Amino acid sequence: MTASDIGAETELRSGILDLIIAGPAPRYIEGMPRYVFAASVAMVALPLAAAPAGVSFSQSALRVEPYDFVEVTAAIAPPVAPNPFTGATLTGSFSKRGAAQKLQVDGFCDAPDGSAFRIRFMPSAPGDYTYSVVYRQGDFEKTWQGAFQASSAGAPRARRGPIRVDPQYPWHFIWEGTGEHYFFNGTTAFWLMGWRDERFIRNSIQRLHDLKINRMRVLLSGATSTMYGEPAMTGDNFTLFLRPWIAKDPKSFDHPGIDYTRFDVAYWQKFERMLRFARERDMIVSVVQDIADGHIHPDAGSDDEHRYLRYAAARLGAFSNITWDLGDDLDTFRDETWAHATGTLLEGWDPYRHLATSHPVHREHQDRASAWFGFTSIQDWSRRQHALMLEERQMQQKTGRIIPQTNEEYGYEDHYPHWAPGMGGDSAEALRHVAWDIAMAGAYGTAGESARRGTNIWPDTGGGWINGRGDDTMVMLRGYEHMVDFLTSFEWWKTEPHDALVDNGAYCLAKPGEIYAVYLPNGGDVTVTLEPGRYEAAWFSAFTGEWVPLPPVEGTQWKSPQPPGWLDWALLLKRSAN
């Protein structure tokens, strides 16, 4: 702005010192309030550098479905904040009409020059809602009030909402919106956001959804110069450098020149498009805040770090399909004191209290007893997973607080670092068995697909656990589908591990007298100790997904016949209704 421009603006302002342009009055259509959002305000007696000439508001919709969100935009004209990410705010208060409780929500800057701020609210129930939002910049303040309706009328199905810990069966998860139980079946796709062409992101999510994966671990921030021995590398269509901030040289690993006070808005918008696509497929995305592989992070506990996490909560919190992860291999670059303090802060910044966790190298570094901590996310690459996850449950019980137990890193298909089992120990078939070992302990897991099909290296049709892409030669998750089919064929959340009820090395989940689910890792027959009664029985092939009916079972002990095929089998006994 030149000196003459400043003089002209000063003269203009002096002529309208007492003029305030009021917002429009409401009008009504079909019984609902509808607002024409075109308010602007002329600034009076404020410093030129501290105040915009006008602020106008708009609302995304008059009606949204529960667990979708309404978005209010503040357009700043002209944007004059030297740094809108630190020098201006948009905050709001939302409530159901007539309710005393109000939800306080942060907005966020959504334009590099500060010309647009947005605030989002996700209603959890049908009804009429009102809100008040306020834009602040220096001494300047502009308030706007509005209303909208949450209704699922005409929607093809009810949105499932966030996942929560089941209050009745707290080893397990439920969908808040429908009360259905959520069988956590995850995969890792750390650098999913590294794809420059977003069709690769969409295609990857769709493919994984079709394989009954309902959870993905995805980095929000993370850079690496390590290829992990995999044929996956940065190229024209993919990068291993994920930077949520503006950087002087974003392609540099060692010296990117990050400005932690300014966010890369385009990157965040891309992340949101991914979340929206995943949400429509009931795919939960674990938003992993950072990863140890890069050595450049905001300082621990700094204003920069807090600004980043609070911005993430403001932008992403209204998406129902997220959980938070404070960081991958977290204990290599943050300590437990930090995890407790930061997890508690994040819980307070997120108005929807999405489930949160952390992912350390050493499983003992979990903040198990704290209110912010929603479920464990350990990593352990041993092949004693059944016993390990039973130990995890015991450790959790000792805290006096029951939450779901997950191992989200027990190996990657055909990936053999020095700490992993030997060659063959991470094959698709070996990991399929491990998944059953975990599930039969009443716990959950996240697997990583092979990256051997390559990214930017021939045949360039894969990427697996690195970026989520796969092709039809990758079969591991097809085996996991069968596990999901078996466990979800009965009320698995009502069962507990009862291995003492079976012999021959078998595992058992049971609600004695009602359900007995038995897994035989090495096949063979099994003797099951039962409560008196009559039970329907069937074999299930863990390898093919085939069901083979058996005659009804009666008595307090029953010895099965030999399974009708090779490899591992499961049995399901359910009390007969007759």
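Residues numbered from 1 in each chain as written. Predicted model: local features only at pLDDT ≥ 70, side-chain atom pairs only at ≥ 80, totals over all residues. Heavy atoms only, no water.

Student: Quick rundown of the packing of aromatic side chains? Include the residues and the values.
Tutor: For the coordinates displayed, the defined rule picks out 50 aromatic pairs. Measuring from ring centre to ring centre gives 5.1 Å for Trp-195 and Phe-238, while their planes differ by 50°; the resulting arrangement is tilted. Highlighted residues: Trp-195 in the loop between β15 (185–188) and α3 (198–210) and Phe-238 in the loop between β17 (222–223) and β18 (241–242), separated in sequence by 43 residues. Phe-238 carries the same exposure label as Trp-195, and that label is buried. Judged by centre distance (4.0 Å) and plane angle (5°), the ring pair of Phe-263 and Tyr-311 falls under stacked. Of this pair, Phe-263 sits in strand β20 (residues 258–263) while Tyr-311 sits in helix α5 (residues 303–316), and the two are 48 residues apart along the sequence. (Phe/Tyr/Trp six-rings, centres within 6.5 Å; stacked < 30°, edge-to-face > 60°. Helix = DSSP H or I, 4+ residues; strand = E, 2+ residues; numbered from the N terminus. Buried < 20%, exposed > 50% of the residue type's maximum accessible area, 1.4 Å probe, protein only.)

Student: Can you tell me about the nonpolar core, naming the residues and giving the values?
Tutor: Note on soluble globular proteins: their nonpolar side chains tend to be buried together. Phe-271, Met-274 and Trp-436 are the most contacted members of the largest nonpolar core, which has 143 residues in total. At 8 residues, helix α4 (residues 265–279) tops the list of elements feeding residues into this core. Excluding residues within four positions of it along the chain, Met-274 makes contact with Leu-192, Met-193, Ile-201, Ile-205, Val-218 and Val-285. Of all hydrophobic cores here, the second largest spans 21 residues; its members include Leu-520, Val-528, Ala-537 and Leu-550. (Core = buried A, V, L, I, M, F, W, Y, C linked by side-chain atoms within 4.5 Å. Contact = heavy atoms within 4.5 Å.)

Student: Could you give an account of the sheet that holds strand β14 (residues 181–182), with specific residues and numbers?
Tutor: The strand order across the open sheet formed by 3 strands is β12-β13-β14, and the pairing between neighbours is antiparallel. Of all strands in the sheet, those bounded by a partner on one side alone are β12 (163–165) and β14. (Pairing = 2+ DSSP bridges.)

Student: Residues and numbers for the pairing of strand β10 (residues 127–137), please.
Tutor: The sheet contact formed by strand β6 (residues 88–96) and β10 spans 9 bridges and is antiparallel. Looking at β10, one finds that Phe-94 is bridged to Tyr-131. Alignment of β10 against strand β11 (residues 140–150), held across 11 bridges, turns out to be antiparallel. For Val-133, the partnering residue across the bridge sits in β11 and is Trp-144.

Student: Describe in detail the sheet that holds strand β22 (residues 322–328), supporting the description with residues and values.
Tutor: One open sheet holds the 8 strands; their spatial order is β23-β22-β21-β16-β15-β26-β25-β24, and the pairing between them is parallel. Looking at which strands have only one partner, the edges of the open sheet turn out to be β23 (356–359) and β24 (378–379). Of the strands in this sheet, β24 and β25 (406–409) are in contact with helix α7 (residues 385–398), which crosses β25 at around 125°. (Axes fitted to C-alpha atoms, helices over the stretch in contact; angles between N-to-C directions.)

Student: Report on the pattern of salt bridges, specifying residues and quantitative values.
Tutor: Following the criterion strictly, the structure yields 42 salt bridges and no others. Here Asp-328 ties to Arg-217 by a salt bridge, and the two come within 2.9 Å at their closest N and O atoms. Remark: Arg-217 occurs in strand β16 (residues 215–219) and Asp-328 occurs in strand β22; sequence separation between them is 111 residues. Here Asp-328 matches Arg-217 in class, with each residue buried. (Salt bridge = Lys/Arg side-chain N within 4 Å of Asp/Glu carboxyl O.)

Student: Pulling in residues and values, what's your account of α3?
Tutor: Helix length check: α3, at 13 residues, gives a terminal C-alpha distance of 18 Å against a target of 18 Å (1.5 Å per residue), a fit within 8%. Among all positions in α3, only Glu-198, Phe-200, Ile-201, Ser-204, Ile-205, Arg-207 and Leu-208 are buried. Positive phi appears at Lys-212, one or two residues downstream of α3, with a value of about 70°. (Expected span 1.5 Å × (residues − 1).)

Student: Describe the confidence of the model for the protein, and please don't skip the residues or the numbers.
Tutor: Detailed reading of the predicted model is not advised wherever pLDDT is low. For the protein, the average pLDDT comes to 91, and 91% of its residues sit at 70 or higher. Across residues 1–48, confidence stays below pLDDT 50; counting only partners more than four residues off in sequence or on other chains, it has 68 contacts. (pLDDT = per-residue confidence, 0-100.)

Student: Tell me about a nonpolar patch on the surface, residues and numbers included.
Tutor: Taken together, the side chains of Phe-543, Trp-566 and Leu-567 define a hydrophobic patch exposed on the protein surface, amounting to about 410 Å² of accessible area. Assignment of secondary structure puts Leu-567 in the loop between β33 (557–559) and β34 (569–575). (Patch = residues over 30% accessible without salt bridge, like charges linked within 9 Å, V, L, I, M, F, W, Y side chains within 5 Å. Areas by Shrake-Rupley, 256 points an atom, 1.4 Å probe, with all protein chains shown as cover.)

Student: Explain the side chain of Ser-151 to me, using residue names and the numbers behind them.
Tutor: Within the element layout of this structure, Ser-151 appears in the loop between β11 and β12. A polar side-chain atom of Ser-151 sits 3.1 Å from the main-chain amide nitrogen of Ala-153. Not counting chain neighbours up to four residues away, the residues in contact with Ser-151 comprise Arg-63, Val-64, Glu-65 and Pro-66. (Polar contact = N/O pair within 3.5 Å; in protein donor to acceptor, adjacent residues only side chain to side chain.)

Student: Describe in detail helix α6 (residues 336–349), supporting the description with residues and values.
Tutor: With 14 residues, α6 ought to run about 20 Å at 1.5 Å a step, and its terminal C-alpha atoms sit 20 Å apart, in line with that. Lining the buried residues of α6 we find α5 and β22.

Student: Lay out the environment of Ser-450 in plain terms, naming residues and giving numbers.
Tutor: Within the secondary structure, Ser-450 is located in the loop between β26 (444–447) and α9 (464–467). On the basis of relative accessibility, which here comes to 5%, the residue Ser-450 falls in the buried class. In this structure, the C-alpha to C-alpha distance between Ser-450 and Gly-348, residues 102 residues apart in sequence, is 38 Å. Apart from residues no more than four positions distant in its own chain, Ser-450 is found in contact with Glu-413, Asp-414, Gly-463, Gly-464, Trp-465 and Met-474. Of note is the side chain of Ser-450, whose polar atom sits 3.0 Å from the backbone nitrogen of Arg-452.

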